[in-house]
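# An overview of the molecular structure
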Amino acid sequence: MRSLFSRTLAWFTRRMANERQRLLVVTILAGGLCGLAAVAFHLSIGWLEALLINPANHAPGYWWIFLTILVPGLGGLIVGLGLTFWAPAAAGSGIPQVKVAFALRSGLVSLRETVGKFVLCAFQIGSGASLGLEGPTVQICAGVSSLMARAARLSPQNCRRMTSVGMAAGIAAAFNAPIAAITFTLEELIGDLDQTMLSGVIVAAALAAVVEHSILGSNPVFHMPRSYTLGAASSLIWYALLGILAAIVSITFTDGLLKLRALFKRWTAVPKWIHPAIGGLATGAMAALALYLFHLNGIAGDPYKTLELALTGTMPLMFMVAFCVLKLAATISSYSSGGSGGIFAPSLFMGAMLGGSVGYIDVTVFHHPKDAIGAFAVVGMGAVFAGIVRAPMTSILIVFEMTGGYGLVLPLMIANMSAFVLARHWRPIPVYEALLMQDGIELPHGSHPLDPPHAAQIDAEEPTMDATA
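Residues numbered from 1 in each chain as written. Predicted model: local features only at pLDDT ≥ 70, side-chain atom pairs only at ≥ 80, totals over all residues. Heavy atoms only, no water.

### Quick look at helix α12 (residues 275-294)
For α12, spanning 20 residues, the distance from its first C-alpha to its last is 29 Å, which sits close to the expected 28 Å at 1.5 Å a residue. Just beyond α12, the residue with positive phi is His 295, at close to 55°. (Helix = DSSP H or I, 4+ residues; strand = E, 2+ residues; numbered from the N terminus. Expected span 1.5 Å × (residues − 1).)

### Some details on the packing of helix α11 (residues 236-266) against helix α15 (residues 344-366)
The geometry of α11 relative to α15 is characterised by a closest axis approach of 10 Å and an angle of 150° between their N-to-C directions. In terms of axis orientation, α11 runs roughly antiparallel to α15. Considering only the axes of α11 and α15, their crossing is right-handed. For the pair formed by α11 and α15, the contact residues are Ile 237, Trp 238, Leu 242, Leu 245, Ala 246, Val 249 and Phe 253 on the first element and Met 350, Leu 354, Gly 355, Val 358, Ile 361, Asp 362, Val 365 and Phe 366 on the second. Here the residues of the contact of α11 with α15 sort into 13 nonpolar, 1 polar and 1 charged. (Axes fitted to C-alpha atoms, helices over the stretch in contact; angles between N-to-C directions. Parallel < 35°, antiparallel > 145°, perpendicular 65-115°, else oblique. Left-handed = near helix turned anticlockwise from the far one by under 90°. Contact = heavy atoms within 4.5 Å. Nonpolar A, V, L, I, M, F, W, Y, C, P; charged D, E, K, R; others polar.)

### Structural notes on the confidence of the model for the protein chain
Regions with low pLDDT carry predicted coordinates that are not meant to be interpreted in detail. Taken residue by residue, the protein chain gives an average pLDDT of 86. The fraction at 70 or more is 87%. The low-confidence segment residues 446-465, where pLDDT is below 50, has 42 contacts with residues more than four positions distant or belonging to other chains. (pLDDT = per-residue confidence, 0-100.)

### With respect to the environment of Gly 243
Looking at the element boundaries, Gly 243 is found in helix α11. Gly 243 sits 170 residues away from Met 413 along the chain, and the two C-alpha atoms are 9.5 Å apart. Beyond its immediate sequence surroundings of up to four residues, Gly 243 is in contact with Ala 415, Ser 418 and Ala 419.

### As for a nonpolar patch on the surface
Judged by side-chain polarity, Leu 29, Leu 33, Leu 36, Leu 43, Ile 215 and Leu 216 come together as a nonpolar surface patch covering roughly 530 Å² of accessible area. Contributions of two or more residues to the nonpolar patch are made by α2 (19-51) and α10 (195-216). When residues in the nonpolar patch are grouped by element, the largest group, 4 residues, is from α2. Mapped onto the elements of the fold, Leu 216 is located in helix α10. (Patch = residues over 30% accessible without salt bridge, like charges linked within 9 Å, V, L, I, M, F, W, Y side chains within 5 Å. Areas by Shrake-Rupley, 256 points an atom, 1.4 Å probe, with all protein chains shown as cover. Salt bridge = Lys/Arg side-chain N within 4 Å of Asp/Glu carboxyl O.)

### Concerning the pattern of salt bridges
Taken as a whole, this structure holds 5 salt bridges when the rule is applied. The partner of Glu 113 in a salt bridge is Arg 105, with the nearest N and O atoms 3.3 Å apart. By relative accessible area, which is 2% here, Glu 113 ends up buried. A salt bridge links Asp 439 to Lys 265; its shortest N-O distance comes to 2.9 Å. Here Lys 265 lies in helix α11 and Asp 439 lies in the loop between α19 (431-438) and α20 (455-461), a separation of 174 residues in the sequence. Judged by its relative accessible area of 16%, Asp 439 is buried. Where salt bridges share partners, they join Arg 261, Lys 265 and Asp 439 into one cluster. (Buried < 20%, exposed > 50% of the residue type's maximum accessible area, 1.4 Å probe, protein only.)

### Details of the packing of α2 against helix α7 (residues 134-151)
It is the contact of α2 with α7, at a shortest axis distance of 9 Å, that shows an interaxial angle of 145°. The two elements α2 and α7 cross, and the hand of that crossing is right-handed. Here α2 contributes Val 26, Leu 29, Ala 30, Leu 33, Cys 34, Ala 37, Ala 38, Phe 41 and His 42 to the contact with α7, which in turn contributes Pro 136, Thr 137, Ile 140, Cys 141, Val 144, Ser 145, Met 148 and Ala 149. Class assignment of the residues belonging to the contact of α2 with α7 gives a composition of 14 nonpolar, 3 polar and no charged.

### Looking at the nonpolar core
Counting 95 residues, the largest nonpolar core has Phe 175, Phe 323 and Phe 344 as the members making the most contacts within it. Take this core: its biggest share by element is 13 residues, from helix α16 (residues 371-389). Setting aside chain neighbours within four positions, we find Phe 323 in contact with Ala 290, Phe 294, Leu 296, Asn 297, Ile 299, Thr 306, Met 315, Phe 349 and Met 353. Of all hydrophobic cores here, the second largest spans 27 residues; its members include Cys 34, Ile 45, Met 148 and Ala 152. (Core = buried A, V, L, I, M, F, W, Y, C linked by side-chain atoms within 4.5 Å.)

### Describing the environment of Ser 214
Here Ser 214 lies in helix α10. When its relative accessible area of 60% is taken as the criterion, Ser 214 is described as exposed. Remark: the alpha-carbon pair of Ser 214 and Gly 35, spanning 179 residues in sequence, is separated by 10.0 Å. A distance of 2.8 Å separates a polar atom in the side chain of Ser 214 from the backbone oxygen of Val 210. (Polar contact = N/O pair within 3.5 Å; in protein donor to acceptor, adjacent residues only side chain to side chain.)

This is the structure in structure tokens:
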């Protein structure tokens, strides 16, 4: 197999002696392969959820309470062992790790890191952790593009460019949102406009989305009964209030996550590989509470079905308030204890619950139609996402592409920018940079990338970040 790969690589190098040509070919191939990797990752999570957390939630008698608490804890224990003794760099959401690879390692993401992220994160989410698959998809796709760049013997500069290609492909495939993938890569990773890099990002995002559409379908992530619009100008008052509340929720989430994570890092009396199990048990307890009180899932397991109830305005007010609080606490527990998974999906979930709750105020005070509840939930998704992730343009576009509706442009702009500006004022350092700073890593801004170490060296030296990153 190795000799076949070597002969293929030698043939490719002879045919594509010009590096610009090789970069173009690798970019196209990476877009398609990243799409396939993302689809495989998502299907694996679905299969593991059907095997692990879903049967636990529906166990007969009162066994479901015991199993709903136990299964996320066991999942966290297995993942903790894997992160400690096999692939430490697979911890966390994936976005900070990709930013480190882009800024400090010329885009190098090792094979062990890529495979470890795929396996461990799928198992963690499948066993019921309150984490998202979008950030991990970015790290997996960045790993795929990095491996291809090194195989094609690209220069360190072009290997670094391939990291942005992987990020864009991962976001496009994860959210079914290629346009938002481009803006997120520009806002979060690149920072400045590199024409060659931007071209690769666009090509990879489009190809990954095409692959994902071909296999999983081209429908938006959320199925809306109809496209929402701004019904009355008086509702803009409550959309502005939603932006303020979204900033408060965002800061509460970020501060809680960082403080609990710092406590876990200092907690040396218990081995680090047990920490994710503790977070899993806490998450399972909150999931069991939600199932017992409201007969709805969304804390542990696939959150999107419950989220759609908020987006359609069919979820009671108290349910929304409770699920916003429980999801915030469960995600902090799952992530801060050292789990492997992202915060994108939880931020959207919290935002929808918060937005729907504010929508009830609009309906009660101004007697607007109940459709306004769903519209507020849609806007709330983007507002909390903007406050946590600090990507305001992406937060608007991602809502458009995930819901298939463009009638809430003005409310989205008001709520999202209010949340973004206030969250940045109250906490100037974004969550991903703050996580890296907790691990003693400060990314250079505007500096030239460092020369990449060899892949073997990366594997030998892992982790470059703490296992709870």
